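# Survey of secondary and tertiary structure
Here is how the chains run, residue by residue.
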Amino acid sequence: MKKIAPFIFLGLVILGLLLILSGCNDGRNDSALNPQTGAGGSMARFAITGNTLYIVSKQSLEVYDIGDGANPVKTIQKDMGVGIETIFPYRDNLYVGAMDGMYIYDNSTPRDPKLLTKYQHIQSCDPVVVQGKYAYVTLRNGVTCRPGNTLSSLDVVDVSNPAQPVRVHTQPMSSPYGLGVSGNKLFVCEGTKGFTVLDITNPASPLFKHTFEDLPAYDVIVRDKHLIITGEKGLFQYKYDDADNVEFLSKIPVL
């Protein structure tokens, strides 16, 4: 994981910049579902909604006004302790993944998000994505997360009331990293063990469909019928169909 970490970081920065630009011009009106500008992976450490940039460090959430792109202004910094890992905006909330739980912020005032609650779990790595009333959280054991922890799983959390999240389902996973969601499909990256597709026709109870063991994956961005995957030594683009066929399209090497 130490060897792949720089690739993940660099890859997601590149993807974030590219998709932020494309998100401004794709002609779709998704603001009712998600005010995020562009798209980022579940392991991203930054996100943009409108004219506001959010960055999570290991200990804090920093908020910047980027209305003047040449002169960003920090509006506030939220100290959050240690082990902060990821950020995912959805509707009027921010979902921040940490080593000991998921923080949910009310983001109705984008320049000053307010903490609503913290969903706590056993200490473990914690990417998160949200669709509808459910958050999907992967918990992974590992040296950088919690030495000796043998639990790796996928949790489904009901966030219909963001101030009172409730876990409604959990199931074991092999080695989950990042994840993505679109429609009735949930995609979970499992590092060197492959790329897993789950059916969430019942969103509270994902059903295993297939693992592509020859497709190492660490994070994924889902756009329409396309997957942009951070894999070993590069960024890979695939397309998929309703029968869960995955077809390779292109690769951007990251050396």
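Read on for a plain summary of the structure. What you see is a predicted model, and the numbers here were worked out from it, not measured in a lab.

## Some words on the overall build of the protein chain
Each helix and strand counted, the protein chain has 1 helix and 20 strands in total. Out of the 255 residues belonging to the protein chain, those deemed buried represent 51%. Within the protein chain, residue pairs in contact and separated by at least 24 positions form 41% of the contacts whose partners lie at least 6 positions apart. When the accessible area of the protein chain is evaluated, it comes to approximately 11,900 Å², of which 54% is carbon and sulfur surface.

## Regarding the sheet that holds strand 1 (residues 46-49)
Strand order in the open sheet formed by 4 strands is 1-2-3-4, with antiparallel pairing between adjacent strands. Only two strands of the sheet have a single neighbouring strand rather than two, namely strand 1 and strand 4 (73-79). Direction aside, neighbouring strands of the sheet carry axes that sit 20° apart on average.

## With respect to the pattern of salt bridges
Should their charged atoms come close, side chains of opposite charge can pair. For the structure on display, the rule yields 10 salt bridges. With a closest N to O distance of 2.8 Å, Lys-114 and Asp-112 form a salt bridge. With its nearest N and O atoms 2.6 Å apart, the salt bridge here joins Lys-225 to Asp-242. Residue Lys-225 is located in the loop between strand 17 (219-223) and strand 18 (226-231), and its partner Asp-242 is located in the loop between strand 19 (234-240) and strand 20 (246-253); the two are separated by 17 residues in the primary sequence. The class of Lys-225 is partly exposed, set by a relative accessible area of 37%. You can call Asp-242 exposed: its relative accessible area is 60%.

## Let's talk about the nonpolar core
Counting residues in hydrophobic clusters, the biggest one holds 26 residues, and the most contacted among them are Tyr-95, Met-102, Val-130, Tyr-136, Val-159 and Leu-186. With 5 residues, the single largest contributor to this core is strand 10 (residues 134-139). Each residue touching Met-102, except ones within four places of it in the same chain, is listed here: Tyr-95, Val-96, Thr-117, Lys-118, Tyr-119, Asp-126, Val-128, Ala-135, Val-137, Val-157 and Val-159. Among the nonpolar cores identified, the runner-up in size contains 17 residues, and Met-43, Cys-189, Ala-217 and Tyr-218 belong to it.

## What about the pairing of strand 14 (residues 185-189)?
One face of the sheet, then the other: side chains in a regular strand alternate in exactly this way. Where burial is concerned, most of strand 14 is hidden: 5 out of the 5 residues are buried. Relative to strand 14, strand 13 (residues 179-182) is paired through 4 bridges, and the arrangement is antiparallel. Bridged to Leu-179 within strand 14 is Val-188. Here strand 13 folds back onto strand 14 in antiparallel fashion, the turn holding 2 residues, of which Gly-183 has a positive phi close to 60°.

## Here we look at the environment of Thr-49
Note that Thr-49 resides in strand 1. In this structure Thr-49 comes out as buried when scored by relative accessible area, which is 6%. Along the primary structure Thr-49 and Pro-110 are separated by 61 residues, whereas in three dimensions their C-alpha atoms are 7.8 Å apart.

## Notes on the side chain of Asp-199
Note that Asp-199 resides in strand 15 (residues 195-199). A polar atom in the side chain of Asp-199 sits 2.5 Å from the side chain of Thr-201. Apart from the residues lying within four places of it in its own chain, the contact partners of Asp-199 are Asn-184, Ser-205, Pro-206, Leu-207 and Lys-209.

## Let's talk about the side chain of Glu-190
Topologically, Glu-190 is positioned in the loop between strand 14 and strand 15. For the buried Glu-190, no salt bridge is present, and the opposite-charge side chain at shortest range is Lys-193, 7.6 Å distant. A polar side-chain atom of Glu-190 sits 2.7 Å from a polar atom in the side chain of Thr-196. Residue contacts for Glu-190: discarding those within four places in its chain leaves Met-173, Ser-174, Ser-175, Pro-176, Tyr-177, Thr-196 and Ala-217.

## A short note on unusual backbone geometry
For Arg-91, which is not glycine, the phi dihedral falls at a positive 50°. Position of Arg-91 relative to the elements: it lies in the loop between strand 5 (84-90) and strand 6 (93-98). Judged by its relative accessible area of 36%, Arg-91 is partly exposed. If you check the backbone angles, Asp-244 has positive phi at about 70° while not being a glycine. Structurally, the position occupied by Asp-244 is in the loop between strand 19 and strand 20.

## Some details on the sheet that holds strand 15
Backbone hydrogen bonds hold the strands of a sheet together, and the pairing may be parallel or antiparallel. The 4 strands are arranged 13-14-15-16 in an open sheet whose pairing can be described as antiparallel. Where the open sheet ends on each side, the last strands, each with one partner, are strand 13 and strand 16 (207-212). Put simply, the sheet's adjacent strands are angled 20° from each other on average, direction ignored. In terms of strand pairing, strand 15 meets strand 16 through 5 bridges, oriented antiparallel. Along strand 16, the bridge assignment pairs Phe-195 with Phe-212.

Reading the values: the criteria
Note that residues are indexed from 1 along each chain, following the sequence as it is written. In keeping with the model being predicted, local features are shown solely for residues with a pLDDT of at least 70 and side-chain atom pairs are shown and tallied solely at 80 or more, while totals for entire chains, interfaces and linings include all residues. Each side-chain value is derived from all of the structure's non-hydrogen atoms; neither hydrogens nor water enter the calculation. Segments assigned H or I by DSSP are reported as helices when at least four residues long, segments assigned E as strands when at least two residues long, and all are numbered from the N terminus. Burial status follows relative accessibility: with a 1.4 Å probe on protein chains alone, a residue under 20% of its type maximum counts as buried, one over 50% as exposed, and anything between as partly exposed. Every residue pair with non-hydrogen atoms within 4.5 Å of one another is taken to be in contact. Where accessible areas are quoted, they stem from the Shrake-Rupley method and a 1.4 Å probe; at the residue level, only the protein chains shown are allowed to cover. What makes two strands pair is DSSP finding at least two bridges between them. Every angle, taken between N-to-C directions, lies between 0 and 180 degrees, and every axis is a line fitted to C-alpha atoms, over only the stretch in contact when it is a helix. Salt bridges are defined as contacts in which a side-chain nitrogen from Lys or Arg sits within 4 Å of a carboxyl oxygen from Asp or Glu. Here, nonpolar core means buried Ala, Val, Leu, Ile, Met, Phe, Trp, Tyr and Cys residues that are tied together by side-chain atoms lying within 4.5 Å of each other. As used in this structure description, the phrase polar contact means that two N or O atoms lie within 3.5 Å; if the pair is within protein, one of them must be able to donate a hydrogen and the other to accept it, and residues adjacent in sequence are counted only when both atoms belong to side chains. Positive residues here are Lys and Arg, negative ones are Asp and Glu, while His and the chain termini are left out of the count.

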